[in-house]
Amino acid sequence: MNILPDMTDNDSKNIKYSITKYLSMREHSCHELLQKLTAKGYNKVLCEERIAQFSEADIQSELRYAEMIVRSRVAKGKGEKIIRSELSQHAIAPELIDIAITEQGIDWDALAIQVAEKKFGRKPAKDWQEQQKRNRFMQYRGFSHEQIRAMKSMR
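Everything numeric here is computed off the predicted structure, so don't read it as measured data. (Residues numbered from 1 in each chain as written. Predicted model: local features only at pLDDT ≥ 70, side-chain atom pairs only at ≥ 80, totals over all residues. Heavy atoms only, no water.)

1. What to know about the overall build of the chain
Working step 1: Counting its secondary structure elements, the chain contains nine helices and zero strands.
Working step 2: For a compact globule of 155 residues, the expected C-alpha radius of gyration is about 15 Å, and the chain comes in at 21 Å, more than 25% above that figure.
Working step 3: Reported as C-alpha extents along the three principal axes, the dimensions of the chain are approximately 75 × 30 × 25 Å.
Working step 4: For the chain, the proportion of its 155 residues judged to be buried stands at 40%.
Working step 5: With the model as given, the accessible surface of the chain reaches about 9600 Å², and the carbon-plus-sulfur share is 52%. (Helix = DSSP H or I, 4+ residues; strand = E, 2+ residues; numbered from the N terminus. Rg over C-alpha atoms; globule rule 2.2 N^0.38 Å. Buried < 20%, exposed > 50% of the residue type's maximum accessible area, 1.4 Å probe, protein only. Areas by Shrake-Rupley, 256 points an atom, 1.4 Å probe, with all protein chains shown as cover.)

If you want it as structure tokens, here you go:
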């Protein structure tokens, strides 16, 4: 007797095809794949089983996904805090987040300077309000207070 009477072999094959299609375009987290598949109307339990099979075969990897997000966000000038937050929202384990960020060897202070110079140029803030505006922008980009202070002292 079939445990999931409304699911057929065809549904299982469609789930496998969909996962393969998604992963062929770019890396996806398990959480992201599950959201996309359940939005298509597939059974959540069956989707979780299929995603687990892809993970066990190392076709889907949370670490590769985290590394891809870190590289992409650093290239866009995002700070460590916002990257960690985004990865947490995708249900990536904190240990994997640490590994992905550490492996990239990012100099966050240098990145903060680069982002600030691109946005504001090399000239210093003319007054306290201007400095606060810059600080808010850098915080919005995900840089810590220490990185913002280091950016101000190095400029």
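There's more to say after this.
2. Quick word on the side chain of R73
Working step 1: Mapped onto the fold, R73 is located in helix α4 (residues 62-75).
Working step 2: Judged by relative accessible area, which is 17%, R73 ranks as buried.
Working step 3: Dropping the residues within four chain positions of it, R73 is found in contact with K78, I83 and E86. (Contact = heavy atoms within 4.5 Å.)

3. Comments concerning the packing of α4 against helix α6 (residues 94-104)
In a packed pair of helices, the relevant descriptors are the angle between the two axes and the axis-to-axis distance.
Working step 1: One way to put it is that α4 packs onto α6 with a least axis distance of 9 Å and a crossing angle of 50 degrees. Overall, the two elements α4 and α6 adopt an arrangement that is oblique. Seen from above, α4 lies across α6 with right-handed handedness. The residues of α6 that touch α4, namely those facing E62, L63, A66, E67, V70 and R71, are L96, I99, A100, I101, E103 and Q104.
Working step 2: Residue classes in the contact of α4 with α6 are distributed as seven nonpolar, one polar and four charged. (Axes fitted to C-alpha atoms, helices over the stretch in contact; angles between N-to-C directions. Parallel < 35°, antiparallel > 145°, perpendicular 65-115°, else oblique. Left-handed = near helix turned anticlockwise from the far one by under 90°. Nonpolar A, V, L, I, M, F, W, Y, C, P; charged D, E, K, R; others polar.)

4. Re the nonpolar core
Working step 1: Residues V70, I83, L87, M138, F143 and M151 are the most contacted members of the largest nonpolar core, which totals 24 residues.
Working step 2: Counting residues per element, this core draws most heavily on helix α7 (residues 108-120), at seven residues.
Working step 3: Inspection of this core shows a minimum of three residues originating in each of domain 2 (61-106) and domain 3 (108-153). (Core = buried A, V, L, I, M, F, W, Y, C linked by side-chain atoms within 4.5 Å. Domains from an automatic or database assignment.)

5. Observations concerning the UniProt feature "domain: RecX third three-helical" (unreviewed entry) in the chain
Working step 1: Under the present numbering, the feature "domain: RecX third three-helical" (unreviewed entry) in UniProt falls on residues 110-150.
Working step 2: Taken end to end, residues 110-150 comprises 73% helix and 0% strand; its first and last C-alpha atoms sit 9 Å apart. (UniProt positions renumbered as here; feature names shortened; annotations may be inferred.)

6. Considerations on α6
Working step 1: For α6, the full list of buried residues reads I97, A100 and I101. Around the axis of α6, the buried residues are gathered within 90 degrees of arc, so they sit on the same side. In this structure, α6 carries E95, T102 and E103 as exposed residues pointing more than 90 degrees from its buried face.
Working step 2: Summarising the contacts, the buried residues of α6 are in contact with α4, α5 (80-89) and α7.
Working step 3: Residue G105 follows α6 closely and has a positive phi angle near 60 degrees. (Arc of directions from axis to C-beta.)

7. A few points about the domain arrangement of the chain
Working step 1: Splitting the chain by domain gives domain 1 (7-60), domain 2 (61-106) and domain 3 (108-153).
Working step 2: Of the residues lining the interface, eleven residues belong to domain 2; the matching set on domain 3 comes to nine residues.
Working step 3: For the domain 2 and domain 3 pair, buried surface summed over both sides reaches about 880 Å², with 58% attributable to carbon and sulfur atoms.
Working step 4: The three residues of domain 2 that bury the most area against domain 3 are G77, K81 and I106, which together make up 45% of that side's buried surface.
Working step 5: For the interface between domain 2 and domain 3, the tally reads zero salt bridges.
Working step 6: Across the domain 2-domain 3 interface, the total number found is six residue pairs in polar contact (both at pLDDT 80 or more). (Buried area = accessible area lost by both parts, 1.4 Å probe. Salt bridge = Lys/Arg side-chain N within 4 Å of Asp/Glu carboxyl O. Polar contact = N/O pair within 3.5 Å; in protein donor to acceptor, adjacent residues only side chain to side chain.)

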